[in-house]
Amino acid sequence: MKSIRYSGLVKLIVIVCLVSVSLFTLEVFGTVRSYVNVIKTWDKFDPEVVTYPLQSFLGNYVNSANSGSEAAQDFILTSKAATLTGIRNINPSEIQRQYKNGELRIYGERYNIKVRAKGISPNHFMGINKSFKIKAKNQKLISGRNSKLDFDLITNPSIVADNVAFEIAKELGLLIPDHDLLVGEVNNGQSRIYQVVASVDETMLRNFDLMAGDIYELEIEGFKNLDNAITPKSKSNLTNPLFWSKIAINNHYSPESLNPLNVLLSEFSRKNPAILNRFDKIYSAKLLIFFQLVQSRHASNSHNFALYYDSWKEKFFPIVVDQMAFHSKFGNSFTQTIPTEISAPVDYILPAQFSNELLNELAVDGEVKQLISIMWKQNRKKITSLLDTIPQKHQAVLAKINPSLVEVGSSFRKEAELIAAKEILIKHSAQSVEMLDEIVKSIDRLAEPKQTTDLVIIKSLDGEITISEDTDFSNVSIFVHPGTIFKMEPGVSIKFSNANFAGTTAKPIIFERSLKQEPFGGILFAHANYVGLQNVKVDGGSGQQYVMYEMTGQLNFHNVGNLIIDRLTASNNSIYDDNIHLAYVQNFKITNTTVSQSNSDGIDIDISKGSIEDSSVIDSGNDAIDSMTSDIKIINSLLKNSKDKGVSIGERSIVTIENTDFVGNNIGLEIKDKSNAYLINGSRFSSNGLDINLYKKNWRFGGGGSIILDPYYDSLKINSDKYSVVQYEK
């Protein structure tokens with residue numbers, strides 16, 4: 001939920017300033033429904049080939065009504081009651097907020113939408129044509145991917161620059177909303193090119209297979225292009241929480257809380273070096289490479305800057321917002337020219353001259369610089385290959401349009417001008433690659449000699465250990481001897497990283513309450529390459545919530561490379577949901593484990609991959625096993641007496657179940673939200689309220705569930721909604 005933190009006086013100043021800089025705007029839309037047709041003309045998306053699916057809005061659907069137009073249209077927007085070409089006195093509330101009903105057609109499908117003109121930057125509405133926003137109604141996804149889209153007029157005469165930059169950002173693994181180029185007409189006008197950009201929100205995070213967390217946006221409300229009308233683009237803007245708003249939330253915390261951000265800003269304003277460890281440094285290196293390559297300083301201390309905080313990774317990740325790739329060579333949006341000479345690219349990295357002081361702080365960090373060198377060498381070939389596609393992409397656009405009828409930016413309409421701009425883009429991007437090569441050479445020359453060995457500190461734990469206060473062992477590797485007993489005092493938690501708990505059948509390692517009636521907090525293994533637990537017993541914990549992270553279970557694994565659990569017993573958790581919680585575990589194997597008397601879920605698995613074998617999860621207050629966006633195998637196991645589901649499979653999970661018993665659950669197996677289940681090799685269902693249920697729950701995933709099972713199971717009690725698929729195969 002976006003919150004506004006300005007007094008009435010500040011709001012009045014905002015409106016006065018707006019009126020002073022512009023005396024006109026547009027009539028947005030009338031009361032009659034608008035219509036948008038989106039028609040695919042480019043290659044069909046193949047999910048088996050493209051790992052990051054665009055599902056671009058360019059489909060194979062053809063509208064016969066456009067057969068006489070000069071070029072095939074990707075979309076058509078019409079509005080009978082109002083025009084998008086009128087000039088009116090400015091009305092900030094109308095230009096920003098007045099959505100009207102509309103309809104979107106894509107792949108032959110129709111979506112009810114809301115549509116409005118886009119403000120407040122004058123380049124969106126000063127000309128005859130306008131940029132606009134659409135959002136799907138009734139919690140629908142457009143093309144199965146996004147619910148909100150901006151249709152922006154192209155302001156760069158090289159046309160494809162931002163689209164190519166988007167592909168480079170994807171290749172680098174950066175967080176960036178979906179982009180695409182569309183040709184279409186508005187109110188039966190001439191064809192125009194629009195850049196379609198999805199919104200920065202929780203749906204974007206889901207598309208990246210990330211946990212739903214806080215996204216903070218830096219923006220002086222209503223002044224995206226008028227920062228200096230209020231305050232200079234200074235560091236004080238960046239560190240002032242009043243200029244930040246939350247546009248996506250971690251719903252385990254208060255929607256109004258800015259706590260993780262406040263910690264970051266406080267450390268930054270106090271020049272605390274700990275701030276550098278708040279960011280994922282490999283990601284940060286790639287981000288700086290990207291901004292350097294595309295010559296963008298558009299992310300400033302005042303706007304066009306957003307941060308995602310992942311409390312399970314305990315890191316901030318800057319989001320690429322409105323990158324303005326390679327725009328500077330053509331001037332700003334209002335003074336575009338085709339330059340006769342191309343000036344050399346600017347080095348933003350070595351002198352730390354980005355427009356955002358947080359980025360500059362990262363740029364001067366020695367470790368980030370070393371990672372810039374490593375990441376550039378690893379990704380240079382792929383990036384230059386993407387830059388090599390500029391001529392083909394540009395030609396594909398020109399083939400779809402009549403340049404004299406396409407308003408690109410403020411003035412460029414002739415094909416010769418667009419071709420000249422393309423050649424400048426090609427040359428400028430090649431120079432940017434050469435500049436990065438030189439930057440990396442300089443980094444390598446200045447690099448300190450590498451240490452020949454890394455010292456690994458191993459701490460050994462043995463005997464009976466009383467944990468009387470929150471304890472953090474995450475700065476060392478831990479070895480725990482057989483028979484070790486952790487006496488956990490009420491509400492107290494303990495944190496590990498790399499660890500090996502080597503219990504035996506005769507001498508298990510035990511975590512237990514020091515006071516029988518009072519639960520301890522949680523046990524967390526985080527940011528580890530390897531965690532091994534053998535013959536461990538955990539009983540009587542709960543969880544814990546801190547400012548920067550939380551434990552939703554008594555036993556938690558966050559951001560772990562390899563997790564091996566054998567002969568674990570976990571029981572009787574309280575207060576918090578999960579008995580065991582996994583998030584971002586790359587590879588796990590749980591064997592011979594018993595989980596019982598869970599307050600809610602027995603084993604909750606988020607964005608992880610692995611297997612559960614020869615194990616039992618019984619008497620769960622909610623689900624025995626709950627999977628979100630994970631790839632799991634469940635083999636030779638027992639899921640019994642769950643008050644909700646034996647196995648809940650949701651949010652694009654893939655779960656294979658072999659020879660497993662579902663006994664006495666409210667629902668044996670549930671599949672939802674674009675998840676797939678495979679039921680094979682003799683699993684058994686008995687005494688469940690419903691054996692299998694499939695349905696659509698979370699609209700952000702755009703579908704129900706699917707299951708493939710042997711005809712042997714045709715006697716099971718199965719419920720399936722219209723969004724789901726049940727398929728019998730031998």
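To be clear, the structure that these remarks concern was listed above.
Now for a look at the structure at hand.

Rules used throughout
Residues numbered from 1 in each chain as written. Predicted model: local features only at pLDDT ≥ 70, side-chain atom pairs only at ≥ 80, totals over all residues. Heavy atoms only, no water. Helix = DSSP H or I, 4+ residues; strand = E, 2+ residues; numbered from the N terminus. Buried < 20%, exposed > 50% of the residue type's maximum accessible area, 1.4 Å probe, protein only. 1 Å grid on protein atoms, 1.4 Å probe; cavity = no way out; pocket = protein on both sides within 12 Å on 5 of 7 lines; lining within 4 Å. Points joined across faces, edges and corners; volume = space filled by probe spheres on them. Phe/Tyr/Trp six-rings, centres within 6.5 Å; stacked < 30°, edge-to-face > 60°. Lys NZ or Arg CZ within 6 Å of the ring centre and 35° of its normal. Pairing = 2+ DSSP bridges. Core = buried A, V, L, I, M, F, W, Y, C linked by side-chain atoms within 4.5 Å. Contact = heavy atoms within 4.5 Å. Axes fitted to C-alpha atoms, helices over the stretch in contact; angles between N-to-C directions. Parallel < 35°, antiparallel > 145°, perpendicular 65-115°, else oblique. Left-handed = near helix turned anticlockwise from the far one by under 90°. Expected span 1.5 Å × (residues − 1). Polar contact = N/O pair within 3.5 Å; in protein donor to acceptor, adjacent residues only side chain to side chain. Salt bridge = Lys/Arg side-chain N within 4 Å of Asp/Glu carboxyl O. Bend = angle between axes of the 7 residues up to and from the residue. Nonpolar A, V, L, I, M, F, W, Y, C, P; charged D, E, K, R; others polar. Patch = residues over 30% accessible without salt bridge, like charges linked within 9 Å, V, L, I, M, F, W, Y side chains within 5 Å. Areas by Shrake-Rupley, 256 points an atom, 1.4 Å probe, with all protein chains shown as cover.

Structural notes on the environment of K441
For step 1, the next point in the chain: Residue position: K441 is located in helix α11 (residues 415-446).
For step 2, the next point in the chain: Exposure remark for K441: the relative accessible area of 45% places this residue in the partly exposed category.
For step 3, the next point in the chain: Residues K441 and S373, spaced 68 residues apart in sequence, show a C-alpha to C-alpha distance of 8.0 Å.

Brief notes about empty space enclosed by the protein
For step 1, the next point in the chain: Applying the stated criterion to the full structure yields five cavities of 30 Å³ or more.
For step 2, the next point in the chain: Of the volumes computed, that of the largest cavity is approximately 70 Å³.
For step 3, the next point in the chain: What lines the largest cavity is a set of 13 residues, among which D214, N250, Y253, P260 and Y309 lie closest to the centre.

Quick word on unusual backbone geometry
For step 1, the next point in the chain: Even without glycine at this site, Y584 takes up a positive phi of about 60 degrees.
For step 2, the next point in the chain: Within the secondary structure, Y584 is located in strand β25 (residues 578-591).
For step 3, the next point in the chain: By relative accessible area, Y584 is classed as buried at 7%.

Thoughts on the packing of aromatic side chains
For step 1, the next point in the chain: Under the criterion given, the structure shown has 23 aromatic pairs.
For step 2, the next point in the chain: Taking 5.5 Å as the distance between ring centres and 65 degrees as the angle between the ring planes, the aromatic pair formed by F132 and Y194 counts as edge-to-face. Here F132, found in strand β5 (residues 132-136), pairs with Y194, found in strand β8 (residues 192-198); they are 62 residues apart in sequence, far enough to count as distant.
For step 3, the next point in the chain: Taking relative accessible area as the criterion, Y194 reaches 1% and is therefore assigned buried.
For step 4, the next point in the chain: Site record: aromatic cluster; members linked through ring pairs are F473, F486, F496, F501, F511, F525 and F557.
For step 5, the next point in the chain: The positively charged end of K313 is found above the aromatic ring belonging to Y584, 4.3 Å away from the centroid.

What about the pairing of strand β16 (residues 477-480)?
For step 1, the next point in the chain: Pairing geometry for strand β13 (residues 458-461) and β16, over four bridges, is parallel. In the sheet register, L461 faces β16, and the bridge partner there is V480.
For step 2, the next point in the chain: Pairing analysis gives three bridges linking β16 to strand β19 (residues 499-502), with the strands arranged parallel. Within the sheet, the bridge partner assigned to F479 lies in β19 and is N500.

Overview of the nonpolar core
For step 1, the next point in the chain: Core analysis: the largest hydrophobic core is formed by 97 residues, its most contacted members being F290 and Y308.
For step 2, the next point in the chain: Beyond its immediate sequence surroundings of up to four residues, Y308 is in contact with L175, L205, L210, M211, G213, D214, I215, K315, F316, F317, I319 and Y584.

Topic: the packing of helix α10 (residues 390-400) against α11
For step 1, the next point in the chain: Axis separation between α10 and α11 bottoms out at 10 Å; the angle between their running directions is 160 degrees. Comparing the axis directions of α10 and α11 gives the class roughly antiparallel. The element α10 and its partner α11 pack so that their crossing is right-handed. In this structure, α10 uses I390, P391, H394 and L398 to contact α11, whose residues at the interface are E415, L418, I419, K422, L425, I426 and S429.

Concerning helix α7 (residues 281-293)
For step 1, the next point in the chain: For α7, which comprises 13 residues, the first-to-last C-alpha distance of 18 Å matches the rise-based estimate of 18 Å (1.5 Å per residue) to within 8%.
For step 2, the next point in the chain: Within the sequence span of α7, burial applies to K281, Y283, S284, A285, K286, L287, L288, I289, F290, F291, Q292 and L293.
For step 3, the next point in the chain: Its buried side turned inward, α7 meets α3 (161-172), β12 (315-319), α8 (357-363), α9 (366-387) and α11.
For step 4, the next point in the chain: Where α7 begins, one side-chain oxygen reaches toward the backbone nitrogen of I282, 3.2 Å away; that side chain belongs to D280.

Considering the pattern of salt bridges
For step 1, the next point in the chain: Under the counting rule described, the total for this entry stands at 24 salt bridges.
For step 2, the next point in the chain: We note a salt bridge from R206 to E651, for which the minimum N-O separation is 2.8 Å. Linking R206 in helix α4 (residues 202-207) with E651 in the loop between β33 (645-650) and β34 (654-658), this pair joins segments that are 445 residues apart in sequence.
For step 3, the next point in the chain: On the accessibility criterion, R206 (10% relative accessible area) is buried.
For step 4, the next point in the chain: By relative accessible area, E651 is classed as buried at 13%.
For step 5, the next point in the chain: Put simply, E314 and K495 hold a salt bridge, and the shortest N to O gap is 3.2 Å. Taken together, the residues E314 in the loop between β11 (305-310) and β12 and K495 in strand β18 (residues 494-496) connect sequence positions 181 residues apart.

Section: α9
For step 1, the next point in the chain: Most pronounced at N379, the bend in α9 amounts to some 55 degrees.
For step 2, the next point in the chain: Turning to α9, its buried residues number three or more, namely V368, L371, I372, S373, M375, W376, N379, I383, T384, L386 and L387.
For step 3, the next point in the chain: Next to the buried residues of α9 lie α3, α7, α8, α10 and α11.
For step 4, the next point in the chain: In this structure D365 caps α9, since a side-chain oxygen of it lies 3.3 Å from the backbone nitrogen of E367.

Brief notes about the packing of α3 against α9
For step 1, the next point in the chain: At a minimum axis distance of 10 Å, the contact between α3 and α9 shows a crossing angle of 160 degrees. The orientation of α3 with respect to α9, classified from their angle, is roughly antiparallel. α9 is crossed by α3, and the crossing has right-handed handedness. Seen from α3, the contacting residues are V164, E167, I168, E171 and L172; seen from α9, they are N379, K382, I383, L386 and L387.
For step 2, the next point in the chain: The residue makeup of the contact of α3 with α9, split by class, is six nonpolar, one polar and three charged.

As for the sheet that holds β12
For step 1, the next point in the chain: Taken in spatial order, the four strands line up as β10-β9-β11-β12 in an open sheet, and their pairing is antiparallel. Pairing within the sheet leaves two strands with one partner each, and these edge strands are β10 (244-248) and β12. The mean angle between the axes of side-by-side strands here comes to 30 degrees, regardless of whether they run parallel or antiparallel.

Some details on a nonpolar patch on the surface
For step 1, the next point in the chain: A cluster of nonpolar side chains, contributed by I654, Y678 and I680, occupies part of the molecular surface with about 220 Å² of accessible area.
For step 2, the next point in the chain: Residue classification places I680 among the partly exposed positions, given a relative accessible area of 33%.

Comments concerning the environment of H298
For step 1, the next point in the chain: Structurally, H298 is set in the loop between α7 and β11.
For step 2, the next point in the chain: Remark: the alpha-carbon pair of H298 and D322, spanning 24 residues in sequence, is separated by 7.5 Å.
For step 3, the next point in the chain: Setting aside residues no more than four positions away along its own chain, H298 makes contact with H303, N304, D322, Q323 and M324.
For step 4, the next point in the chain: At 2.8 Å, the side chain of H298 and the side chain of N304 are in polar contact.

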